[in-house]
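# Coordinates in review
Single-letter residue listing:
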Amino acid sequence: MVVSNRLFDTLLFGALLLGLGLDAAIPALHGTAFLLACGLAVYMAAQEWSEALARRGLWTQEPLATAVALSSGGFIYFNFRNESDFVILVLSIGLMMASLMVAIATMSAFGAAFKQLSPAPLLGYLATIAGAFAMGALAGIITIEAPVVAKLAVVAISFALWKLREALAPPAHQAVMSGSGEAGPSAFSNSPVKAASTELPMPVSIQGWHLTPRRGTLLDRFLPVLIIGGLMILGARQSGTLLQSVAPPASADSHATPE
């Protein structure tokens, strides 16, 4: 489903802000609302990463990209933020499904390399894993416990950077599929004149069902959140600013002298 840029921006950044608001209002959630918002965004971003590799002629699989991204992010969240039994149950099921996807993709990549007598499929396989793991790890880091105000600032700055990029260097229209399965106007044409002449005022439909902005991708919008948020939280932890979120403060009884 192709939507306007404004609606897509509202849905993406609105979901992130809503998740932060719910987590701040209900501490018992342990950040799961923001985790779900980031998880959905990472899932779509991993799909876009796989599609970008495929457009460049590299071997890739969307299930591999999404499995690696979600499992890596979920593991970091569980390890540093929420160690409840329910979370470990969900993570265990997710990791089992992800391991199956990785196993299938690994056999497929090696099979393609053997059939083609070329290491090219293995390069695409490694590129898919590397990009998906980087996105998942950064997404997991930004779900670690940190001041809500800081995360709100990250989302606001990322939104401002995206709107600045959209104004200064507007991304091309998305490539869509018509109802007959024929490719619509390409967003990656090397000829701006040709792209402008074949571009439709409104794409008819896309292959599969998922939200797609008319210009740019979700990764264009979400990548600044991942990078800025991840670097901010890692830097704060390294400097000891968020040390209290790693280890609980010592109780007063531990300093009491024995009778």
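Residues numbered from 1 in each chain as written. Predicted model: local features only at pLDDT ≥ 70, side-chain atom pairs only at ≥ 80, totals over all residues. Heavy atoms only, no water.

Our focus in this paragraph is the overall build of the chain. The helix and strand tally for the chain stands at nine helices and two strands. Reading the chain from its N terminus to its C terminus gives the helix and strand order β-α-α-α-α-α-α-α-β-α-α. Buried residues in the chain amount to 37% of all 259 residues. Taking all contacts inside the chain whose residues are at least 6 apart in sequence as the whole, residues at least 24 apart take part in 72%. (Helix = DSSP H or I, 4+ residues; strand = E, 2+ residues; numbered from the N terminus. Buried < 20%, exposed > 50% of the residue type's maximum accessible area, 1.4 Å probe, protein only. Contact = heavy atoms within 4.5 Å.)

Looking now at the side chain of Thr128. Inspection of the secondary structure assignment puts Thr128 in helix α5 (residues 120-142). Here Thr128 is in contact with Trp49, Leu53, Trp59, Thr60, Gln61, Leu64 and Ala65, once residues within four sequence places are set aside.

With that settled, consider a nonpolar patch on the surface. A grouping of Phe86, Ile88, Leu89, Val90, Ile93, Met96 and Met97 is seen on the molecular surface, where their side chains present a nonpolar patch of about 720 Å² in accessible area. Within the secondary structure, Phe86 is located in helix α4 (residues 85-116). (Patch = residues over 30% accessible without salt bridge, like charges linked within 9 Å, V, L, I, M, F, W, Y side chains within 5 Å. Areas by Shrake-Rupley, 256 points an atom, 1.4 Å probe, with all protein chains shown as cover. Salt bridge = Lys/Arg side-chain N within 4 Å of Asp/Glu carboxyl O.)

What follows concerns helix α6 (residues 148-168). For α6, built from 21 residues, the straight-helix expectation of 30 Å at 1.5 Å per residue is met to within 8% by its first-to-last C-alpha distance of 30 Å. The complete set of buried residues in α6 reads Lys151, Val154, Val155, Ser158, Trp162 and Glu166. Taken down its axis, α6 places every buried residue within 100° of arc, on the same side. Exposed residues lying more than 90 degrees from the buried face of α6 are Val149, Ala167 and Leu168. Residues of α6 that are buried make contact with α1 (5-25), α2 (32-55), α5 and α8 (218-238). (Expected span 1.5 Å × (residues − 1). Arc of directions from axis to C-beta.)

What follows is about the packing of aromatic side chains. If you walk through the whole model with that rule in mind, you get two aromatic pairs. When the ring of Trp59 is compared with that of Tyr125, the centres are 6.2 Å apart and the planes differ by 55°; the resulting orientation is tilted. Placement of Trp59 in the loop between α2 and α3 (62-80) and of Tyr125 in helix α5 is noted, with a sequence separation of 66 residues between them. Summarising the burial analysis for this pair, Trp59 and Tyr125 share the class buried. (Phe/Tyr/Trp six-rings, centres within 6.5 Å; stacked < 30°, edge-to-face > 60°.)

Turning our attention to unusual backbone geometry. Of note in this structure, His30 is not a glycine but carries a positive phi near 55°. Topologically, His30 is positioned in the loop between α1 and α2. Unusually for a residue other than glycine, Leu117 sits at a positive phi of about 55°. According to the relative accessible area criterion, Leu117 is exposed, its value standing at 74%.

Here the focus is the nonpolar core. In terms of nonpolar packing, the biggest core is built from 40 residues, with Leu16, Trp59, Ile142, Leu218, Phe222 and Val225 touching the most fellow members. Ranked by residue count, the leading element in this core is α2, at eight residues. Excluding its chain neighbours within four sequence positions, the residues that come into contact with Trp59 are Leu64, Ala105, Ser108, Ala109, Ala112, Pro121, Gly124, Tyr125 and Thr128. (Core = buried A, V, L, I, M, F, W, Y, C linked by side-chain atoms within 4.5 Å.)

Quick look at the pattern of salt bridges now. Under the criterion given, the structure shown has four salt bridges. Note that Asp9 and Arg221 form a salt bridge whose closest N and O atoms lie 2.5 Å from each other. Placement of Asp9 in helix α1 and of Arg221 in helix α8 is noted, with a sequence separation of 212 residues between them. Here the two residues Asp9 and Arg221 agree in accessibility, since each one is buried. Between Lys163 and Glu166 there is a salt bridge, with its nearest N and O atoms 2.7 Å apart. One end of the pair is Lys163 and the other is Glu166, both in helix α6 and three residues apart, which spans about a single turn. For Lys163, a relative accessible area of 31% gives the class partly exposed.

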